[in-house]
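Okay, here's what each chain looks like letter by letter:
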Amino acid sequence: MITFYPGPSKIYPQVADYAAEACRSGIVSMNHRSPEFMAITEGAIRAVREQLNVPDAYHIALVSSATECWEIVAQSLTQQTSLHPYSGAFGKKWLEYAHRLKPMHQPDEADVLCIVQNETSNGTQVRMSVLADFRRDFPDALIAVDAVSSMAGIAFDWLLADVWFASVQKCFGLPAGLAVFIYSPRALQRAKEIGENAHYNSLLFLHENFAKFQTPYTPNGLGIYLLKRVMEQVPPIAAVDALTKRRAAAWYRFVEREMTDSPFQLLVNDPSLRSDTVIAIEGSETAIGAVKKAAKEAGLLLGNGYGDWKNTTFRIANFPAITDDEIEALKEFLRGVTPKLQLR
Ligand SMILES: *Cc1c(COP(=O)(O)O)cnc(C)c1O
């Protein structure tokens with residue numbers, strides 16, 4: 001089965017060998033405070049920094065999931081409350097988690113602005129130019145960016161936000177259970193001012209531990225090892241960014257030009273809002289159900305719709321671990337099958 005699911009998604013094929021190696025060599029049984037394991041954590045962080053071009057001044061910690069990152073932002077970096085201009089299901093979920101910890105009474109008391117850079121649920125994205133506008137309009141706020149389905153797929157201007165995070169089961173091409181949490185000196189300063197120290201994953205406690213390449217708890221050692229190996233293997237982000245954007249443009253062209261006599265169209269009409277990493281395609285419930293079923297029979301797994309778009313869209317991951325041949329196979333399938341699905 002070739003998977004185009006936008007998370008968990010296709011892993012790099014090399015991961016199988018890296019995982020076997022980690023088991024056979026005893027890496028997964030190492031004490032997480034041993035110098036050997038600390039060197040692996042250090043290597044993983046160095047590889048993330050180098051491949052993704054993260055500024056030297058920004059700090060990198062590893063946690064368990066993006067959902068955990070939402071809570072870290074709320075508990076450790078939010079003084080009063082946070083503002084969430086969102087456009088889809090993940091943005092809404094983040095708001096709900098955050099406001100359970102830091103309820104909003106008045107919007108003007110918000111000190112953190114929370115942005116989902118790539119809204120996986122509906123295939124929209126917030127471009128760097130828009131982030132720059134937020135930076136200009138909210139000079140005092142911390143800006144936290146959920147980049148779960150775009151980090152390691154496209155390049156970012158890191159300085160436009162104070163916090164960036166992603167779990168690794170999307171563009172990183174890795175199994176779930178690990179997330180990368182990147183934070184600026186300004187974010188660390190804010191954490192110190194707030195002084196929140198009540199949780200195992202309080203940012204100050206994480207920071208203290210990661211300064212020694214350790215973690216407060218026994219970490220996902222296999223995941224950290226796989227992150228290191230995969231980040232050492234992938235091309236620098238500028239090359240990945242170019243590949244992702246070229247493929248995204250080709251996907252949008254394909255849907256607009258070659259699927260015209262199909263019952264489907266792009267969910268996002270405004271090209272400036274279209275995601276580079278998740279393509280959302282809309283149709284009637286019947287047509288969506290039929291195309292997903294036919295694709296599965298042909299060995300191709302399409303992403304289900306999500307949230308409000310659960311039954312009326314399917315999604316195609318445009319993640320770097322997917323190959324040109326796999327993309328071509330899906331296009332070939334869509335060319336052949338969609339005219340037969342005139343089920344509107
Ligand atoms: C998948 C996803 C999440 C959730 O990630 P977890 O690792 O399951 O916590 C959050 N935000 C976005 C935009 C996502 O795509």
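None of these values were measured; they are calculated from a predicted model.

A. Layout of the sheet that holds strand β11 (residues 278–282). Spatial ordering of the open sheet is given by β10-β11-β14-β13, a layout of four strands whose pairing is antiparallel. In the strand order of this sheet, the two ends are held by β10 (265–266) and β13 (303–304), each with one partner.

B. Structural view of the packing of aromatic side chains. Enumeration according to the criterion identifies 13 aromatic pairs in this entry. Taking the centre distance of 5.8 Å and the plane angle of 90° together, the rings of W251 and F254 count as edge-to-face. Within this pair, W251 and its partner F254 are both found in helix α9 (residues 237–258), separated by three residues, close to a single helical turn. Classification of W251 as buried rests on a relative accessible area of 0%. Ring geometry for F264 against F314: centres 5.6 Å apart, planes inclined by 85°, an arrangement best described as edge-to-face. Of this pair, F264 sits in the loop between α9 and β10 while F314 sits in strand β14 (residues 313–317), and the two are 50 residues apart along the sequence. The same class applies to F264 as to F314, namely buried. Grouped by ring-pair contacts, the aromatic residues W70, W94, Y97, F165, F181 and Y183 constitute a single cluster. Seen from the ring of Y97, R100 lies directly overhead, with NZ or CZ sitting 5.0 Å from the centre.

C. Region of interest: the site of the ligand. In the vicinity of the ligand lie 13 residues, with T67, T120, D146, S167 and K170 positioned nearest. Between the ligand and the protein, one listed contact pairs an oxygen atom with a backbone N or O atom of A66 at 3.2 Å. Starting from 390 Å² of accessible surface for the ligand in isolation, the protein chains cover 87%. Tallying contributions element by element places helix α3 (residues 66–77) first for the shell around the ligand, with three residues. Split into classes, the residues belonging to the shell around the ligand amount to five nonpolar, six polar and two charged.

D. Layout of the sheet that holds strand β9 (residues 179–183). Taking strand neighbours across the sheet as the criterion, the six strands line up as β2-β9-β8-β7-β4-β3 in an open arrangement whose pairing is mixed. Of all the strands in the sheet, the pair left with one neighbour each is β2 (59–63) and β3 (81–83). Each strand axis lies, on average, 25° off the axis of its neighbour in the sheet, ignoring direction. Relative to β9, strand β8 (residues 163–167) runs antiparallel, the two being bridged by five bridges. The residue bridging V163 from the neighbouring strand is Y183, located in β9.

E. Highlighting the environment of A57. Within the element layout of this structure, A57 appears in the loop between α2 (35–52) and β2. Linking A57 and M231, residues 174 residues apart in sequence, is a C-alpha distance of 20 Å.

F. A look at the environment of A74. Relative to the elements of secondary structure, A74 occurs in helix α3. Note on A74: relative accessible area 2%, which makes it buried. Each C-alpha atom of the pair A74 and P185 lies 18 Å from the other, and the pair is 111 residues apart in sequence. Once residues within four sequence positions are removed from consideration, A74 is found in contact with A98, L101 and K102.

G. Summary view of the side chain of T41. Checked against the element boundaries, T41 lands in helix α2. T41 gets classed as buried once you look at its relative accessible area, which sits at 1%. In contact with T41, not counting residues within four places along its chain, are F210, F213 and I224.

H. How the structure looks around the nonpolar core. Ranked by size, the top nonpolar core spans 111 residues in total, and within it W164, F172 and L227 carry the most contacts. The residues touching L227, leaving out its near neighbours within four places in the chain, are A44, V48, L62, V168, F172, L174, L178 and V180.

I. Main features of helix α6 (residues 185–194). Inspection of α6 places A187, L188, R190 and A191 among the buried residues, and these make up the whole buried set. Buried residues in α6, looked at end-on, bunch into an arc of 160°, giving them a common side. For α6, the exposed residues lying more than 90 degrees away from the buried face are K192 and E193. With its phi angle positive at about 65°, G195 sits one or two positions after the end of α6.

Thresholds applied
Residues numbered from 1 in each chain as written. Predicted model: local features only at pLDDT ≥ 70, side-chain atom pairs only at ≥ 80, totals over all residues. Heavy atoms only, no water. Pairing = 2+ DSSP bridges. Helix = DSSP H or I, 4+ residues; strand = E, 2+ residues; numbered from the N terminus. Phe/Tyr/Trp six-rings, centres within 6.5 Å; stacked < 30°, edge-to-face > 60°. Buried < 20%, exposed > 50% of the residue type's maximum accessible area, 1.4 Å probe, protein only. Lys NZ or Arg CZ within 6 Å of the ring centre and 35° of its normal. Near = heavy atom within 4 Å. Polar contact = N/O pair within 3.5 Å; in protein donor to acceptor, adjacent residues only side chain to side chain. Areas by Shrake-Rupley, 256 points an atom, 1.4 Å probe, with all protein chains shown as cover. Nonpolar A, V, L, I, M, F, W, Y, C, P; charged D, E, K, R; others polar. Axes fitted to C-alpha atoms, helices over the stretch in contact; angles between N-to-C directions. Contact = heavy atoms within 4.5 Å. Core = buried A, V, L, I, M, F, W, Y, C linked by side-chain atoms within 4.5 Å. Arc of directions from axis to C-beta.

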